[in-house]
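The chain contents come next:
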Amino acid sequence: MIPINPFDPRARRDPYPVYQYMRTVEPVHRSPIGYWILTRYEDCRAVLEDPRWSHDADRILEPGRGESDPVDPTVRLLRASIAFSDPPRHALHRRPLEAAVKTSVKASAPRIMTVAESLITLMREKGSDADLIHDYATPLPFVVLSELLGIPAADRIQVQRWGRELASGLDPAIRAKGVVRAGAAATALVEYMLGRIEASRRQPSAGVIGELAGKPTKLTTWELIADLIVFLVTGIETASGLIGNAMLALLGNPDEMEKVRRQPSLLDSGIDELIRFDGPLHLTARVAKEDIEVGGIRIAAGEQVLALLAAANRDPARFTEPDRLDLARKDNPHLGFGGGVHKCFAEPLAKLVCRGAIVTLLASLGSIALDGEPQWNDTVTLRGLKQLPVTFQR
């Protein structure tokens, strides 16, 4: 067993050398606390696409809980949602939500540009420096997703606070510190979303909430609430992380950034390269339903694996020069949004928001450069920036 921890806070700034070491020395690694960690592309892909692996919430989030033990409110919410449902139930969650979001996405592109331009105007008014996370990457997807769902503007500050507190309890690195606050936020969001659904059923309203509330479904109201909350919270965190990480990658590769400035259409496919290079989703968990061999190692039924998606996306056995950002890369089947039946259905929306954010920012500002050391969040599942200080020409 190699003496290394990929989740060590000291590796947060740049975990890729650690991932490379693990992939080279022990690609199927047994953690001291019992779960397995996978770092090769083919091993991760195989697990994600194999129905013998479960994404059940109880087994992944609370494996040691007894039948008589109380259920964490956050786990109870996740257990009822699309995020932690196995087939065939998973399809019942995915179909209506995916259809409703897909319909709304078609009309979102102009609004993304408008919101982005408004945020850039505010940045300019404050001066020639900004924190791209606080001033841009966080508010942009929050406004877009709130409008898409149909959350009234007057409610958004409170909903955003609850969403952040709930997100703090979803990550294993900080879950112990945030579990009580996350549970309270989960309860508050459930009550809020129930109110929105009931109001939409009394009087039809615009947005995904109103559309789903007014349609017959095989889901219970509780499951619908769980799906909407998970979509909102994870959608904002993922899109914000993607914008921040992508901009940091471009700032570190000015030649690639200049190509986008001159030819914005390069991001039509180049967005996938930014996701592969340093996407926010770094891992996902599965539990073996039966004894399964992975990479020549036997994993027993009931044992948990963590597929390090970000490590897989830098695997030289699958990607040529994986540590180089190449926006013209053609063969790019990255795992940045997972894979198999649980591959994120909102991937097109996240890409649309990120592409709009980058293109609008580069078109609106002159030269833009780092103005200090970027600061990373403490999370390991979604690895995103806490601060990205920049200067720019107004």
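Anything mentioned here points back to the structure above.
Residues numbered from 1 in each chain as written. Predicted model: local features only at pLDDT ≥ 70, side-chain atom pairs only at ≥ 80, totals over all residues. Heavy atoms only, no water.

**Student:** Honestly, unusual backbone geometry in this entry has me stumped. Any pointers?
**Tutor:** Apart from glycine, the bulk of residues carry a negative phi angle, and the bulk of peptide bonds sit in the trans form. Here the amide bond leading from Pro87 into Pro88 is cis, since omega sits at 5°, within 30 degrees of zero. With a phi close to 45°, Glu321 is a non-glycine residue in the positive phi region. Here Glu321 lies in the loop between helix H15 (309-312) and helix H16 (347-364). Looking at Glu321, the relative accessible area reads 46%, which means it is partly exposed. (Helix = DSSP H or I, 4+ residues; strand = E, 2+ residues; numbered from the N terminus. Buried < 20%, exposed > 50% of the residue type's maximum accessible area, 1.4 Å probe, protein only.)

**Student:** How should the environment of Gly235 be read in this particular structure?
**Tutor:** Structurally, the position occupied by Gly235 is in helix H12 (residues 221-251). Exposure remark for Gly235: the relative accessible area of 18% places this residue in the buried category. Sequence-wise, Gly235 and Leu145 are 90 residues apart; in three dimensions their C-alpha atoms are separated by 7.7 Å. Excluding anything up to four places from it in sequence, Gly235 contacts Leu145 and Val230. (Contact = heavy atoms within 4.5 Å.)

**Student:** Where do I start with the pattern of salt bridges in this structure?
**Tutor:** Opposite charge on two side chains lets them pair, provided their charged atoms get close. Scanning the model with the defined rule gives 29 salt bridges in all. Residue Arg276 pairs with Glu273 through a salt bridge whose shortest N-O separation is 2.8 Å. Residue Arg276 and its partner Glu273 are both found in helix H14 (residues 267-278); the two are separated by three residues, about one turn of the helix. Per residue, the accessibility class of Arg276 equals that of Glu273, and both read buried. (Salt bridge = Lys/Arg side-chain N within 4 Å of Asp/Glu carboxyl O.)

**Student:** It is not clear to me how the packing of aromatic side chains should be interpreted in this structure. Could you clarify?
**Tutor:** Given two aromatic rings, one states the distance between the centres and the angle between the planes to describe the pair. The tally for this structure, following the rule as stated, stands at four aromatic pairs. Look at Tyr41 and Phe319: their rings are 5.6 Å apart centre to centre, the planes differ by 85°, and that puts the pair in the edge-to-face class. Pair noted here: Tyr41 is in helix H2 (residues 41-49) and Phe319 is in the loop between H15 and H16, with a separation of 278 residues, a long-range link. Classification of Phe319 by relative accessible area gives buried; the value is 2%. Looking at Arg314, its charged tip hangs above the ring of Phe277, at a distance of 4.3 Å from the centre. (Phe/Tyr/Trp six-rings, centres within 6.5 Å; stacked < 30°, edge-to-face > 60°. Lys NZ or Arg CZ within 6 Å of the ring centre and 35° of its normal.)

**Student:** Got a minute to help me understand the sheet that holds strand E1 (residues 28-30) in this structure?
**Tutor:** Strands pair in a sheet through their backbones, by hydrogen bonds, and they do so in one of two ways: parallel or antiparallel. Reading across the sheet, the five strands line up as E1-E2-E8-E5-E3 and stay open at both edges, with mixed pairing between neighbours. Looking at which strands have only one partner, the edges of the open sheet turn out to be E1 and strand E3 (53-54). Sheet topology places strand E5 (residues 283-288) next to strand E8 (residues 304-308); five bridges connect them, and they run antiparallel. Its bridge partner being in E8, Arg286 is matched across the sheet by Val305. (Pairing = 2+ DSSP bridges.)

**Student:** How should the sheet that holds strand E4 (residues 129-131) be read in this particular structure?
**Tutor:** Here three strands make up an open sheet; going across it, the order is E4-E12-E9 and the pairing antiparallel. The strands lining the two open edges of the sheet, one partner per strand, are E4 and strand E9 (368-370). On average, each strand axis in the sheet is tilted by 30° relative to the strand beside it, whichever way the strands run. Examined bridge by bridge, E9 and strand E12 (residues 389-392) share three bridges and lie antiparallel to one another. In the strand pairing of E12, Ala369 is matched with Thr391. (Axes fitted to C-alpha atoms, helices over the stretch in contact; angles between N-to-C directions.)

**Student:** How do you make sense of helix H8 (residues 139-149) when you look at a structure like this?
**Tutor:** Residue pairs three or four apart in sequence face the same way in an α-helix, which turns once every 3.6 residues. The element H8 is extensively covered by neighbouring structure, given that nine of its 11 residues are classed as buried. Of all the positions in H8, only Pro139, Leu140, Pro141, Phe142, Val144, Leu145, Ser146, Leu148 and Leu149 are classed as buried. Immediately beyond the C-terminal end of H8, within one or two residues, lies Gly150, with a positive phi of roughly 95°.

**Student:** Even after reading the chapter, I still don't get helix H6 (residues 109-126), so can you show me in this structure?
**Tutor:** The end-to-end C-alpha separation of H6 is 26 Å, in line with the 26 Å expected for 18 residues at 1.5 Å each. Among the structural elements, E4, helix H7 (132-137), H8, H16 and E12 are those in contact with the buried residues of H6. (Expected span 1.5 Å × (residues − 1).)

**Student:** Looking at this model, I keep getting lost on the pairing of E5. Mind explaining?
**Tutor:** Regular strands show a simple pattern: their side chains alternate between the two faces of the sheet. The buried count for E5 comes to six of six residues, which makes it a mostly enclosed element. In E5, alternate side chains face the same way, and those of Leu283, Ala285 and Val287 on one face and Thr284, Arg286 and Ala288 on the other are all buried. Here two bridges tie E3 to E5, and the two strands are oriented antiparallel to one another. In the strand pairing of E5, Ser54 is matched with Val287.

**Student:** So what exactly am I meant to see when it comes to the side chain of Arg276 here?
**Tutor:** Among the residues examined, Arg276 registers a relative accessible area of 1% and is labelled buried. Side chain to side chain, Arg276 and Glu273 meet in a polar contact 2.8 Å long. Excluding residues within four positions of it along the chain, Arg276 makes contact with Asn313, Arg314, Phe319, Pro322, Arg324, Arg329, Asn332 and His334. (Polar contact = N/O pair within 3.5 Å; in protein donor to acceptor, adjacent residues only side chain to side chain.)

**Student:** I'm lost on the state of the cysteines in this one. Help?
**Tutor:** Note on terminology: disulfide describes a covalent bond linking the sulfur atoms of two cysteines. Summed over the entire model, instances satisfying the criterion amount to zero disulfides. No disulfide involves Cys44; its nearest neighbouring cysteine sulfur is the one of Cys344, lying 17 Å away. For Cys344, a relative accessible area of 30% corresponds to the partly exposed category. (Disulfide = S-S within 2.5 Å.)

**Student:** Mind showing me how you'd approach the nonpolar core here?
**Tutor:** Generally speaking, nonpolar side chains in soluble globular proteins are found buried as a group. Residues Tyr136, Leu140, Leu228, Leu274, Ile358 and Ile368 are the most contacted members of the largest nonpolar core, which totals 87 residues. With 17 residues, the single largest contributor to this core is H12. Setting aside anything within four residues of it in sequence, one finds Ile358 in contact with Ala246, Met247, Leu250, Val260, Leu267 and Leu274. Counting residues in each nonpolar core, the second largest holds 21 residues, with Val18, Leu306, Ala310 and Ala311 among its members. (Core = buried A, V, L, I, M, F, W, Y, C linked by side-chain atoms within 4.5 Å.)

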